[in-house]
Structures are given as structure tokens and as C-alpha cells.
Amino acid sequence: MPNIVVLVKRVPDTNARIVVNGDRVDLSAVKWVISPYDEFAIETALQHKEAAGGSVTALTLGPAAADKVLKDAKAIGVDEITRVWDDSWGELDSNGIQSALADAIGQIGGEVVYCGKTAADTGAGSTGPGIAERLGWASVSNVSDVAFDGGIIATAPAEGGAAKVAVSGNAVITCDKGSIKVRKPNVKGIMMAKRAQVNVISAAVPAASVTVVSQSPPPAKPAGKKYEGGDSAAEVASLLRDEANVI
Amino acid sequence: MSESIIIAETSKGAVAPVTAELVSAAIAMGTTPTIIVPCTDSSIADNAGFEGAGRTIAVKGGCFENYDASSWAAAIDAAAPAGTLLAAATPQSKDLLARVAARRGLAVVQDVVAINGSNLTSPIYSGKAMQTVALSGDAAVSVRANIFPAANASGADVSVVDQSGDVATAVQEIIARASARLDVAEANIIISGGRGMGSPDNFSHLERIADVLGAAVGASRAAVDTWDDIPHSMQVGQTGKTVNPNLYIAVGISGAIQHLAGMRSSKYIVAINKDADAPIFAHADYGIVATWEETLPVLESALSAMMA
Ligand SMILES: Cc1cc2nc3c(=O)[nH]c(=O)nc-3n(C[C@H](O)[C@H](O)[C@H](O)COP(=O)(O)OP(=O)(O)OC[C@H]3O[C@@H](n4cnc5c(N)ncnc54)[C@H](O)[C@@H]3O)c2cc1C
Ligand SMILES: Nc1ncnc2c1ncn2[C@@H]1O[C@H](COP(=O)(O)O)[C@@H](O)[C@H]1O
């Protein structure tokens, strides 16, 4: 019966206004949520457990404030919640984050990992495949659907459409939105989550080789041209050719 | 950090044009790139020579038949020299790059849109802010398309390396896309419809314009959620695809922050919306305040005349 791990990251609500103060983003006023694709990862992990048995551990890397997203995951139905962190860590680059998460997955004894295809803050999509490589596992990314038929059969984009790929052995699956509906926490789940204990563990991380220099608002776009009425489409078409040179 | 390695983007059995843009990005980082071409037939590497680039290595192996992240990463890692890795910021290449980077213990910087020596800039928070990072050694870097100029082609100095890896996933079935139309993630021009299109049947008006322009058809989440005929694969935005085309035409789309997250970095944006206060107009280079019913026929005939 598989020991299933799902990665959940705490990120600003995607509706939040992102303010820059000086040369850093100021997140002091934002509301924090589970990164949207991680919700699909949680749902897929729970479906895997329902099909094959075992247990689901939600794992996050972050300071104590990240306990909230673990409790949210618990309310949805995961069995265990674990946070990996060490106050001595400085700024972590992707190498550090992946090393710590891979180490934590080893400590948990995870055999299959679900995570989001990209986190809402970084938009990177590096963590899932990077962890799989460190663990020496298979990985399938941007998965829109998973079937559990003995092993895992994942549907992922492929040239010209999508491919159904069978994965045997340990694997990391990064989840896209797809067609699955995510379940909501119920009252019992919320009560259980309140009392749930977060296991806090540490891990070794390599020194960072990428450091943040500055953060800034996106470059302002010069005001565009605005027209009234459908007939102006003819003029816009000419401008697309002669001014913008895009057609 | 004077060595770099470009993992060539391949598509439909050929080296994709964005690879030439990666050469310019590598040069902007002060490096001379070696081009790695993963392939099953090394002749595709003959077109992978560029002014300013070094040699080209065709990495030929059975594993490159279908995408399998672990075997591709192992084969490329074995064949590529040390240095900073560059790849195109497409979903598959970002994934591959992250695996090769992890094999080498390199940090990854994805979706780079500006390079200043070893300082790299990419969007964060879905483009609501930009972040510049400094590299203090070799790294793995993916670069968005349509930002750097394409390097000129030149004769390729190709060496072929036979190298495969253990394939960890088995393709059981390929599900072809229902329509032969381009995917939004691959298109240079996208025309998208939102809830303002009124019904999924009305997307045929967008398809006709897409045919004229060789464009892909996209959709807002409201359109995808409201109509079963509009698949999620067409969705642009936070929980859909992030696109970076030369031209994005938004029709009957209000311009919610989560939609903008997926398309705001498009080079040119056209908005067609009957509500003059729709937020999309703040991001449009060309805005047309009108219904699509009165606008699209004019647009289609003007474009048809121009493209004829
Ligand atoms: C976590 C989260 C993730 C999300 N992810 C995405 C995402 O990935 N992509 C996405 O698109 N949205 C996403 N959304 C939804 C987003 O907030 C908006 O609800 C959605 O983008 C609205 O789609 P729309 O503009 O088509 O519809 P509406 O907001 O209903 O706008 C319709 C527009 O059509 C115009 N209109 C109506 N009739 C006509 C006509 N005849 N001619 C011309 N114009 C007309 C109207 O003036 C209006 O501006 C997400 C939301 C959340 C909370
Ligand atoms: N600090 C973290 N804690 C837990 N999970 C994470 C963390 N960072 C990334 N992940 C997981 O990896 C996914 C992709 O993140 P990224 O590579 O940053 O786009 C996220 O959706 C999460 O599932």
C-alpha cells in the first residue's frame, strides 16, 4: 500500500494585489492560500489512496506560518501533515528547495509524490521534476488525469495532443487542472484539522548560487489606442500589419 | 561562466526556430553556446548551426522517440559538457531542464525575459511583478520565446553521440487533438473568446479569423466552465496556459486578473469588448469598443484582403 506524499505550498491569493516597496515585493497585507494546482495534487493523492490504500502525507517547506496550509490540507482529508524547515536557512534557491523536499520525502518514506505543475508565486514548474531526479524516480508533468489500475496511468500533453503513460515504480506526478473536481473540507475534517499536530523536520541544504537582486512592478505599457464601433476593425487590421508588424 | 549549452527545442521532428533565439540569449550572457540536439535521426542537427555558436552535438537515442523526462535528462547530461544550460521556456523543455539541472546540482531560473550579464529577469506572481536574480556560477535557464532576436543560421559543425537512457514511462496511447488547429501554447498569434461570445457555436467566427492568420483559438475560464464544447486545453490564464504570442486578440473577455496572468506578456494585445470600461482595455495596444457581432465580420474581411 503506497506511502503517498503531496506537496502543498503557501502562496498569496491569486486575487491579491502585489505591491512593491523599495526593491522588494511587500506581502504583509496579502491573504495566503494553498497554491491552486496543489489543490488538484491533493485531490489526486486522495483518489490514489482510495484506489490503492496506504496513506497521504501533506508536506510543505516553509516557516511556521505555513502550518495553516497544512491544516487546510488536513481538513480536506490527508492523514499526516509535515513541515520541513530550519531557521538557520538563508534564502533558498531552487537547488536548496528541491534538496530539502527530497530529503524530507526520504524521511517520510514516500513512494509516490503529487505536486502542482507550477506554484502561483514562482510560476516555475521546476520542483516536481527536480525532486524526481534527486530521488532517482520517474516523473510525469502537467498531468490532467490519473487512473489507478495497479500502477499509475497519467494523461499528459504530448506533441499533437495528449499521451496516456503508464508509470511503474516510484514517481513524481505534477498536476494540471484537468477535469477532476476537488473536494471541499467538511465539518468533521475542519474539527480534526484544528487538533492536528504538524510534524516539523529539518534537512540539509546546499548553499544558494542564485540570489535575488531586486523585485519591481511589471513595466507599464504605454496607453493603447481605443476605437469606437465595429468598423474600426479595418483600421486596426492595417495597424497590425504596418505599425505593429505582427501579421 | 564562459561555457553554455543550449538544449535545442525540437518539434515535429525538426529543430524549432526558437533555438536561434536561445543563441542570442547565450551570447547576451557572455557565453559561447554548444548546441545539443536530442534526436532519433541525427540529420535534423544539420540545420542547428548558428552564427556566434560553437559546435553542435546530436544526441541520438531510442529514448527520444517519446518524451520521458528521466531518460532524456540522463542522455543529455551524459552528452553535454559542463556550463550554464539554456532551453526554451516551453512546458516540456522547462521540465527537462529542471531534471538535467537537478542531476548537476544546478539552480534553475525559468521564464527569463531579460538578460544583463549574469543578472536574469523573469516574471513572478503571474506577471504581477518582475524579479531580477544574480547567478554566482553555472545555472539552468529557460528563456521565453519572441524576446531575443534569432541568430543567423550558419553551417553546423555536427558531431553525433549515440546515447540513450532507461525509459521510466511507457506510452500506452496517444490521444490526438480533436482539431488540427494549433495549440495556444505553440502559436504566434492567438484569438480568444470569452463569455461575451454568447454561445460556443459563435466560436466559429473566431476560427475563421484564426484560419486567415494561421492562429490558435483560446478561451477564458468562464467560456470553458460554461460550455462543454470549449475544452480546458483552450483556456488561457492562471489555471490555464501561459502564452507569449506576438499578437493576442481578446474577444468578449473582461480581462480578469487571472486571465491577464496568462497573456499579459503578449507582444501586442487587441481587445474587442462592448463595455468601454472593461479592464482588458487597460492592457490593449488596440482596443475596439463594440460588440463582436459588428466587429468580427469587418476584421475578417480586412484581414482576408491583406493576407490574400
Ligand atoms: C483561482 C482562480 C483561477 C482562475 N483562472 C482563470 C484562468 O486561467 N483563465 C481565465 O480566463 N479566468 C480565470 N479565472 C476566472 C476569472 O476570474 C474570470 O471569472 C474570467 O476570466 C471571466 O471570463 P470572461 O472575461 O470570459 O467573462 P466575463 O467576466 O463574464 O466577461 C465577459 C465580457 O464580454 C463582454 N461582452 C458581452 N457581450 C459582448 C458582445 N456581444 N460583444 C463584445 N463583448 C461582449 C462583456 O462586456 C464582458 O466584459 C480564475 C478565477 C479564480 C478565482
Ligand atoms: N516550499 C514549498 N513547499 C511545498 N511544496 C512546494 C514548495 N515549493 C514548490 N512546491 C511544490 O512544487 C510545485 C511547483 O513549484 P514551482 O517549481 O515553484 O513552480 C508547487 O505547486 C508545489 O506543489
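Look above for the structure.
Residues numbered from 1 in each chain as written. Chains lettered and ligands numbered in written order. Predicted model: local features only at pLDDT ≥ 70, side-chain atom pairs only at ≥ 80, totals over all residues. Heavy atoms only, no water.

Regarding the interface of chain B and chain A
- Listed per partner, the contact involves 82 residues of chain B and 83 residues of chain A.
- Between chain B and chain A, a total of about 6300 Å² is buried, with carbon and sulfur atoms accounting for 55% of that surface.
- By the criterion of area lost to chain A, the three top residues of chain B are Arg99, Tyr125 and Tyr286 of chain B, representing 12% of everything that side buries.
- Seen at the junction of chain B and chain A, the total is three salt bridges.
- A salt bridge links Arg103 of chain B to Glu133 of chain A; the nearest nitrogen and oxygen atoms lie 2.8 Å apart. (Contact = heavy atoms within 4.5 Å. Buried area = accessible area lost by both parts, 1.4 Å probe. Salt bridge = Lys/Arg side-chain N within 4 Å of Asp/Glu carboxyl O.)

Section: the site of ligand 2
All names here are of chain A.
- If you check the shell around ligand 2, you find 16 residues, and the closest are Asp38, Ala119, Thr122, Gly125 and Thr127.
- A distance of 2.9 Å is found between a nitrogen atom of ligand 2 and a backbone nitrogen or oxygen belonging to Leu61.
- Between ligand 2 and the protein, one listed contact pairs an oxygen atom with a backbone N or O atom of Ala124 at 3.2 Å.
- Within the complex, 97% of the 480 Å² of free accessible area of ligand 2 lies under protein.
- Elements with a contribution of two residues or more to the shell around ligand 2: strand 6 (55-61) and strand 8 (112-116).
- Among the elements that line the shell around ligand 2, the one with the most residues is strand 6, at three residues.
- Partitioned by chemical class, the residues of the shell around ligand 2 number seven nonpolar, seven polar and two charged. (Near = heavy atom within 4 Å. Polar contact = N/O pair within 3.5 Å; in protein donor to acceptor, adjacent residues only side chain to side chain. Areas by Shrake-Rupley, 256 points an atom, 1.4 Å probe, with all protein chains shown as cover. Helix = DSSP H or I, 4+ residues; strand = E, 2+ residues; numbered from the N terminus. Nonpolar A, V, L, I, M, F, W, Y, C, P; charged D, E, K, R; others polar.)

Here we look at unusual backbone geometry
- Despite not being glycine, Asn245 of chain A shows a phi value in the positive range, around 55°.
- When you line up the elements, Asn245 of chain A lands in the segment after helix 6 (233-242).
- Although it is not a glycine, Asp111 of chain B adopts a positive phi angle of roughly 60°.
- Within the secondary structure, Asp111 of chain B sits in strand 7 (residues 108-112).

As for the nonpolar core
- Phe203, Val251 and Leu296 of chain B are the most contacted members of the largest nonpolar core, which has 39 residues in total.
- Among the elements that make up this core, the one with the highest residue count is helix 7 (residues 292-307) of chain B (seven residues).
- Judged by nonpolar contacts, the second largest core, of 36 residues, contains Val78, Ala154, Ala163 and Ala196 of chain A. (Core = buried A, V, L, I, M, F, W, Y, C linked by side-chain atoms within 4.5 Å. Buried < 20%, exposed > 50% of the residue type's maximum accessible area, 1.4 Å probe, protein only.)

As for the site of ligand 1
- In the vicinity of ligand 1 lie 26 residues, with Ser220, Thr239, Ser254, Gln258 and Asn273 of chain B positioned nearest.
- This site is not confined to one chain, since residues near ligand 1 come from chains A and B.
- Separating an oxygen atom of ligand 1 from a backbone N or O atom of Arg221 of chain B is a distance of 2.9 Å.
- Between ligand 1 and Glu293 of chain B, the relevant distance is 2.9 Å, taken from a nitrogen atom to a side-chain nitrogen or oxygen of the residue.
- The fraction of the free accessible surface of ligand 1 (990 Å²) that becomes covered by protein chains is 78%.
- For the shell around ligand 1, the elements supplying multiple residues, two or more each, are helix 5 (221-226), helix 6 (257-263) and helix 7 of chain B.
- In terms of residue class, the shell around ligand 1 is made up of six nonpolar, 15 polar and five charged.

Thoughts on the sheet that holds strand 15 (residues 210-216) of chain A
- The strand order 15(A)-10(B)-9(B)-8(B) describes an open sheet built from four strands, whose pairing is antiparallel. The two strands at the open ends of the sheet, each matched to only one other strand, are strand 15 of chain A together with strand 8 (114-116) of chain B. Put simply, the sheet's adjacent strands are angled 25° from each other on average, direction ignored. (Pairing = 2+ DSSP bridges. Axes fitted to C-alpha atoms, helices over the stretch in contact; angles between N-to-C directions.)

Looking at the sheet that holds strand 7 (residues 80-84) of chain A
Residues and elements named next belong to chain A.
- Strand order in this open sheet of seven strands is 9-13-8-1-6-7-14, and the pairing throughout is parallel. Every other strand in the sheet has two partners, leaving strand 9 (138-143) and strand 14 (199-201) as the edge strands with one partner each. The sheet shows a mean angle of 20° between the axes of neighbouring strands, taken without regard to direction.
- Pairing of strand 9 with strand 13 (residues 171-175), which is carried by four bridges, proceeds in the parallel orientation. Across the sheet, Val143 pairs through a bridge with Cys175, a residue of strand 13.
- On top of the sheet, helix 2 (residues 67-76) reaches strand 6 and strand 7; it is set at about 160° to strand 7, its chief contact.
- Relative to the sheet, helix 3 (residues 94-108) contacts strand 1 (3-7), strand 6, strand 7, strand 8 and strand 14, its axis offset from that of strand 6 by approximately 150°.

Remarks on the packing of helix 3 of chain A against helix 4 (residues 127-135) of chain A
Residues and elements named next belong to chain A.
- Look at helix 3 against helix 4: their axes get within 9 Å of each other, and the N-to-C directions meet at 55°. When the interaxial angle is binned, helix 3 and helix 4 end up oblique. Once helix 3 is placed against helix 4, the crossing between them reads as right-handed. When helix 3 is examined against helix 4, the residues Asn95, Gln98, Ser99, Leu101, Ala102 and Ile105 are found in contact with a partner set consisting of Thr127, Gly130, Ile131, Arg134 and Leu135.
- Residues that form the contact of helix 3 with helix 4 fall into these classes: five nonpolar, five polar and one charged. (Parallel < 35°, antiparallel > 145°, perpendicular 65-115°, else oblique. Left-handed = near helix turned anticlockwise from the far one by under 90°.)

So, the environment of Lys71 of chain A
Residue and element names in this part refer to chain A.
- Here Lys71 is to be found in helix 2.
- C-alpha of Lys71 to C-alpha of Ile190: the two residues are 119 residues apart in sequence and 8.3 Å apart in space.
- Beyond its immediate stretch of four places on either side in the chain, Lys71 contacts Ile81, Ala193, Lys194, Ala196 and Val198.

What about the side chain of Ser71 of chain B?
Residues and elements named next belong to chain B.
- Summarising the element assignment, Ser71 is placed in helix 2 (residues 69-79).
- Polar side-chain contacts of Ser71 include one of 2.6 Å to the side chain of Asp68.
- Contact partners of Ser71, with chain neighbours within four places excluded, come to Cys63, Gly165, Asp166 and Val167.

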